[in-house]
Amino acid sequence: MAAKVIMIQGTMSNSGKSFITAGLCRVLKQDGYRVAPFKSQNMALNSYITEDGLEIGRAQAVQAEAAGIRPTADMNPILLKPTSHVGSQVIVHGEVRGNMKAAEYYRRKPELIPEILAAFERLSREYDVIVIEGAGSPAEINLRDNDIVNMGLAKLVHAPVLLAGDIDRGGVFAALYGTVKLLEEDEQKRIKGLIINKFRGDVSILQPGLAMIEEKTGIPVVGVIPMKSIDIDDEDSLSERLEQTAAGAGVDIAVIRLPHISNFTDFSAFERMDGVSLRYVSRAGQLGMPDLVILPGTKNTMDDMRWLMESGMETMILKAAAQKTPVIGICGGFQLLGKSLKDPYGAEHGGEMRGLGLLDADTVFAREKTRTQVRGSWIKKPELFAGYEGDAVTGYEIHMGQTTNGGGCIPAVQLEDGRIDGLCSPDGLVFGSYLHGLFDTDGLAYGLAERIAAKKGVTLGKYQLDLSAYKEQEYDKLADLIRSSLDMEAIYRILEEGE
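These lines cover the structure that appears in this document, whether it is placed above or below. (Residues numbered from 1 in each chain as written. Predicted model: local features only at pLDDT ≥ 70, side-chain atom pairs only at ≥ 80, totals over all residues. Heavy atoms only, no water.)

A word on the environment of Asp74
Our working rule: Secondary structure counts use DSSP, requiring at least four H or I residues in a row for a helix and at least two E residues in a row for a strand, with both numbered from the N terminus. Relative accessibility thresholds used throughout: buried, under 20% of the residue-type maximum; exposed, over 50%; partly exposed, between the two (1.4 Å probe, protein chains only). Throughout, a residue-residue contact means that at least one pair of heavy atoms, one from each residue, lies within 4.5 Å.
Along the chain, Asp74 turns up in the loop between α2 (58–67) and β6 (78–82). Residue classification places Asp74 among the buried positions, given a relative accessible area of 15%. Each C-alpha atom, one on Asp74 and one on Ala118, is 8.4 Å from the other, the two residues being 44 residues apart in sequence. When residues no more than four places from it in sequence are discounted, the contact partners of Asp74 are Phe38, His93, Ala119, Arg122 and Leu123.

Pasting the structure below:
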């Protein structure tokens, strides 16, 4: 029997589609359904590697966690990772198909429909309900002809639609009305309910607007979701957490906000600590003298190295390192720490350029991407992690290059497959690793922050060490929010009736 289907679309990007989809997945799981998320095409730099080494958008991995199932490539058959303003790396069923300009990809989208439907059908045979997330807005009328992610997909899989609008940005009623009226008549009929998201204040004040939008669109409002802080991983660089630029009291950690930043959720563990301030820095003047500098992953290492040079950020990072401020690089950030970047196969732009030179290491970009979940243990802990009691290291790799020790670095981590990951400087204050999710290893981030705090003479507060239990708690809080905000009786009726 085919799965029941419901689809969440939005009036714009970052209107809360991923959040609502995750919440519905959790509610349905709690109610005894086997439920899976699905997003036919995702554009994001925040990705995840499945158990079988395939790459998908992190939002779908989060939604799968909320549903209590393991993420698979079928949940996000197409992932676009922007490499420039006009092009992206195209990943299909978790494997890289190559880099394409936007115009070329737009022409070729119809060729991907069979692959999207094949992934959807596999999920449909395995689960009771599929909660689909759209992308951007269905009212992007210039993209309607080859749409494979909003109404085009809804028609293909016979999905009823809930349309969400973000009231926090203002103009939510105009956005809902305009979105509905820009759609074809059959598409308008497919929308079974409207959702107001990110509301602050007294819902009774909204009632006249809710009544009017229902009258003007002929579509019922099925819920108003209040703005509430729930800690689940964000999808991409639109995340509000990237807007935190000011240092707070206690331990001050500065993440360099690279132009092509990816997998910034690697550092979410620090945000859960009382006494730690995690901020994202995009201008040299914002850096100051933090207690720790982090270089995150990037989809274009060489471009971002050039940006570091031209923006003055390189000078500020080197100045901080010279004053014994610890510096950590993850994935692309690890590559930036080395002496040279070489691209003989044109994986990025070709050619060669220098790195920051904080590690005696060199990176050569390869033709093939490394994608795998890994486990390992410390060979020698850098001074930064000396206070951390555990030996285990976990994470996942997504990178195109290989970084080799020039002889002046200390190998840090022995992986179970025999490879070495992680290099640190002789003084132990500069450390690089390819492992995304490294700081999700229980206690590692807290041990690092605690060591820095002790040197600074400050004390950290509470921290939730059991990440798995913490995530479950947050998913349950999200489910409670969805249940209390949406008309779940109407949602279930929509599921039963279908399109």
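Here's the deal with the nonpolar core
Our working definition: Among buried residues, those of type Ala, Val, Leu, Ile, Met, Phe, Trp, Tyr and Cys that are joined through side-chain atoms within 4.5 Å constitute a nonpolar core.
By size, the foremost hydrophobic cluster in this structure holds 78 residues, and its most contacted members are Leu24, Phe38, Val131, Ile132, Ile191 and Leu194. By residue number, the principal contributor to this core is helix α1 (residues 17–30), which donates 7 residues. Those residues within four positions of Ile132 in sequence are excluded, and the remaining contacts are Val5, Ile6, Met7, Ile8, Thr21, Phe38, Phe120, Leu153, Val157 and Ala159. In this structure, Ala269, Ala321, Leu438 and Leu460 belong to the second largest nonpolar core, which totals 69 residues.

Describing the sheet that holds strand β12 (residues 221–226)
Going by this rule: Here, any two strands with at least 2 DSSP bridges between them count as paired. Interaxial angle, 0 to 180 degrees, is taken between N-to-C directions of lines fitted to C-alpha atoms, where a helix line uses only the stretch in contact.
On the basis of which strands lie adjacent, the open sheet formed by 6 strands has the order β2-β9-β1-β10-β11-β12 and parallel pairing. Every interior strand has two partners, whereas the edge strands, β2 (35–38) and β12, have only one. When strand polarity is set aside, the average angle formed by the axes of neighbouring strands in this sheet is 20°. Pairing of β2 with strand β9 (residues 129–133), which is carried by 4 bridges, proceeds in the parallel orientation. In the sheet register, Phe38 faces β9, and the bridge partner there is Ile132. Contacting β1 (4–10), β2, β9, β10 (161–166), β11 (191–199) and β12, α1 runs over the sheet at an angle of about 170° to β9.

Looking at unusual backbone geometry
Phi at Asn14 is positive, roughly 65°, even though this residue is not glycine. For Asn14, the location among the structural elements is in the loop between β1 and α1. Asn14 gets classed as partly exposed once you look at its relative accessible area, which sits at 29%. Within the chain, Cys331 stands out as a residue other than glycine whose phi angle is a positive 55°. By the element assignment, Cys331 lies in the loop between β18 (327–330) and α13 (332–337). The exposure class of Cys331 is buried, given its relative accessible area of 5%.

Points about the packing of aromatic side chains
As a reminder, the rule being used: Two rings belonging to Phe, Tyr or Trp (six-membered ring only in the last case) form a pair when the distance between their centres is within 6.5 Å. Interplanar angles under 30 degrees mark stacking, angles over 60 mark edge-to-face geometry, and anything in between is tilted.
Within this structure, the stated rule accounts for 10 aromatic pairs. Where Phe38 meets Phe120, the ring centres are 5.4 Å apart and the plane angle is 75°; that geometry is what we call edge-to-face. Here Phe120 lies in helix α4 (residues 113–126) and Phe38 lies in strand β2, a separation of 82 residues in the sequence. Look at Phe120 and you get buried, because its relative accessible area is 4%. Chaining the aromatic ring pairs together yields one cluster made of Phe267, Phe270, Trp378, Phe385, Phe431 and Phe439.

Some thoughts on the sheet that holds β6
The mixed open sheet is built from 4 strands, whose spatial order is β3-β6-β7-β8. Two strands bound the open sheet, and with one partner strand each, they are β3 (41–43) and β8 (95–101). With direction set aside, neighbouring strand axes in the sheet form an average angle of 25°. The pairing of strand β7 (residues 87–92) with β8 spans 6 bridges and is antiparallel. What sits directly across from Ile91, in β8, is Val96.

A look at the pattern of salt bridges
Our working definition: Any Lys or Arg side-chain nitrogen found within 4 Å of a carboxyl oxygen on Asp or Glu counts as a salt bridge.
Under the counting rule described, the total for this entry stands at 33 salt bridges. Across the pair Glu496 and Lys4 runs a salt bridge whose closest N-O atoms are separated by 3.9 Å. One end of the pair, Glu496, is in helix α16 (residues 488–497); the other, Lys4, is in strand β1, with 492 residues separating them in the sequence. The exposed category is assigned to Glu496, whose relative accessible area is 53%. Relative accessible area serves as the criterion here: at 25%, Lys4 is assigned to the partly exposed category. Here Lys81 ties to Glu55 by a salt bridge, and the two come within 2.6 Å at their closest N and O atoms. Residue Lys81 is found in strand β6, and its partner Glu55 is found in strand β5 (residues 55–57); the two are separated by 26 residues along the sequence. Classification of Glu55 by relative accessible area gives buried; the value is 0%. Each of Arg144, Lys155, Glu184, Asp186 and Glu187 takes part in a single network of salt bridges with overlapping partners.

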